[in-house]
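One-letter residues, chain by chain:
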Amino acid sequence: MAKSVILHLESVSKQFSGTVTPAVQNVNLTLYQGDILGLLGPSGCGKTTLLRMIAGFEQPQSGIITINERVVAGLHDWMPPEKRDVGMVFQDYALFPHLTVAKNIAFGLHNSGKKSSTQINHQVTDALELVGLSGLESRYPHELSGGQQQRVALARALAPSPALVLLDEPLSNLDVQVRIRLRQELRDILKSAGASGIFVTHDQEEAMAISDQVAVMRSGRVEQFGTPEDIYTEPASHFVAEFVTQANFLPARRRGQVWETELGGFELTDNHLFCGKVDSLDEFDRIDLMIRQEDLILKHDEEGAVIIRDRQFLGREFRYCLQTESGKELIARTTPQVTLPIGIKVKVSIAEDNLRVFPAISGEHQTKSSQLVTIR
Ligand code: ADP
Ligand code: MG
């Protein structure tokens, strides 16, 4: 059976008064029942504004927002936040400091219609069990760790069983250890509650780990929407390739059948083109070649054209900072078995299947037909 649509955004835009550019521009999104959507983008790209419009704390200038088949914001429609059936979790938890854990969680339940106190107690107990905090009912927020506070905030959002849970950078105030553990727990909790959610983050690894689908935002727009795998392997723009894939770019120039780069020549085909609005390599005589960090293969060779500038041991892998003869920096990730010392020269070979061709964004002329330059 096809999953039902929980949230639909159609051409949603918002510009704050006194600002020059819209915070959110023409965003279209669909979220299906039970799915977790990661909203990923750098600081200031409009993630919070988009979330606040979905929750009903901001009004879009144009566009339509539908939650569970009800239009909650549109040209002639407006539904206040408390009627939208949406739970929200904030970066700073926003717990009431003078209320116990149980009362914090019960707070939202008193608002949602007539319920007996027994019913409310049951819902609080269930919500605490869901987030793994049973037994801490009568603690106050200051008696909890940051990770526990965030789980209380999650329990409070989930207790009324909302159609949709919105989480705005919920893990960013936590220590890295707690953050990594909690992101797995958070996914498990949302999945076992059968909740549909939007998870906002500026951390690409976090977005990929938690989400079923990822929307990459840049300057108020959704630049790419897809599964984490799709976005990582087939970034739809230079920006996504840099921000999500954290790939290297190497300028290349056409010479006959071969594309020449500082690391040698490559025979490329249209299969290497990025999945953007370009049909054929024939459009270009200069390109930027995307090379993923894990696709650089390093071999010690004093005749090599690349020097190892730095090396970081990251446990499961090494991260090598390389410098080419022209001074360009490249990053390579290898298994811990590849132990090459800093300062030596290496020969670099590349897993060619994974190379992707992007229009050159540096250099004096970019494509043969200039209308192809803007790729959005
Ligand atoms: P993000 O959450 O991705 O960091 P925001 O949605 O908070 O981004 O902000 C997007 C843009 O809108 C930023 O340029 C920000 O300065 C601006 N902005 C956000 N809220 C307001 C506001 N209330 N008034 C004016 N500008 C705002
Ligand atoms: Mg924000």
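Residues numbered from 1 in each chain as written. Chains lettered and ligands numbered in written order. Predicted model: local features only at pLDDT ≥ 70, side-chain atom pairs only at ≥ 80, totals over all residues. Heavy atoms only, no water.

1. Notes on the sheet that holds strand E13 (residues 264–266)
Taken in spatial order, the 5 strands make up an open sheet running E13-E12-E11-E14-E20, and their pairing is antiparallel. Whereas interior strands pair on both sides, the edge strands pair on one side only; in this sheet they are E13 and strand E20 (356–359). Strand-to-strand twist in this sheet, taken as the mean axis angle between neighbours without regard to direction, amounts to 40 degrees. Across 3 bridges, the pairing between strand E11 (residues 248–255) and strand E12 (residues 258–261) is antiparallel. In the sheet register, Arg254 faces E12, and the bridge partner there is Trp259. (Pairing = 2+ DSSP bridges. Helix = DSSP H or I, 4+ residues; strand = E, 2+ residues; numbered from the N terminus. Axes fitted to C-alpha atoms, helices over the stretch in contact; angles between N-to-C directions.)

2. A closer look at the domain arrangement of the protein chain
Segmenting the protein chain into domains produces domain 1 (5–238) and domain 2 (250–372). A C-alpha centroid distance of 38 Å is found between domain 1 and domain 2. Each side of the interface is counted separately: domain 1 has 8 residues, and domain 2 has 11 residues. Counting the surface lost from both domain 1 and domain 2, the interface buries some 770 Å², and carbon and sulfur atoms represent 56% of this. Together, Tyr232, Glu234 and His238 form the three largest contributors to the area buried by domain 1 at its contact with domain 2, with a combined 60%. Linking domain 1 with domain 2 are 1 salt bridge. We note a salt bridge from Arg356 to Glu234, for which the minimum N-O separation is 2.8 Å. (Domains from an automatic or database assignment. Contact = heavy atoms within 4.5 Å. Buried area = accessible area lost by both parts, 1.4 Å probe. Salt bridge = Lys/Arg side-chain N within 4 Å of Asp/Glu carboxyl O.)

3. Regarding the sheet that holds strand E19 (residues 345–350)
Here 5 strands make up an open sheet; going across it, the order is E15-E19-E16-E17-E18 and the pairing antiparallel. Pairing within the sheet leaves two strands with one partner each, and these edge strands are strand E15 (296–300) and strand E18 (329–334). Sheet twist, expressed as the mean angle between neighbouring strand axes with direction ignored, is 40 degrees. The pairing of strand E16 (residues 306–313) with E19 spans 2 bridges and is antiparallel. Across the sheet, the residue bridging to Val306 is Val346, located in E19.

4. Considerations on the nonpolar core
Leu268, Leu296 and Leu322 are the most contacted members of the largest nonpolar core, which totals 35 residues. Mapped by element, the contributors of at least two residues to this core are E11, strand E14 (286–291), E15, E16, strand E17 (318–324), E18, E19 and E20. Tallying contributions element by element places E14 first for this core, with 4 residues. Dropping the residues within four chain positions of it, Leu322 is found in contact with Leu296, Leu298, Val306, Ile307, Ile308, Lys328, Glu329, Leu330 and Ala332. Within the second largest apolar cluster, 34 residues are counted, among which are Leu109, Leu154, Ile189 and Phe199. (Core = buried A, V, L, I, M, F, W, Y, C linked by side-chain atoms within 4.5 Å. Buried < 20%, exposed > 50% of the residue type's maximum accessible area, 1.4 Å probe, protein only.)

5. Observations regarding the site of ligand 1
Around ligand 1, the neighbouring residues are Phe16, Thr19, Ala23, Pro42, Ser43, Gly44, Cys45, Gly46, Lys47, Thr48 and Thr49. Within the backbone of Gly44, an N or O atom sits 2.6 Å from an oxygen atom of ligand 1. Contacts to ligand 1 include Lys47, whose side-chain N or O atom sits 2.9 Å from an oxygen atom. Protein contact buries 57% of the 560 Å² of open area that ligand 1 shows by itself. The class makeup of the residues in the shell around ligand 1 is 4 nonpolar, 6 polar and 1 charged. (Near = heavy atom within 4 Å. Polar contact = N/O pair within 3.5 Å; in protein donor to acceptor, adjacent residues only side chain to side chain. Areas by Shrake-Rupley, 256 points an atom, 1.4 Å probe, with all protein chains shown as cover. Nonpolar A, V, L, I, M, F, W, Y, C, P; charged D, E, K, R; others polar.)

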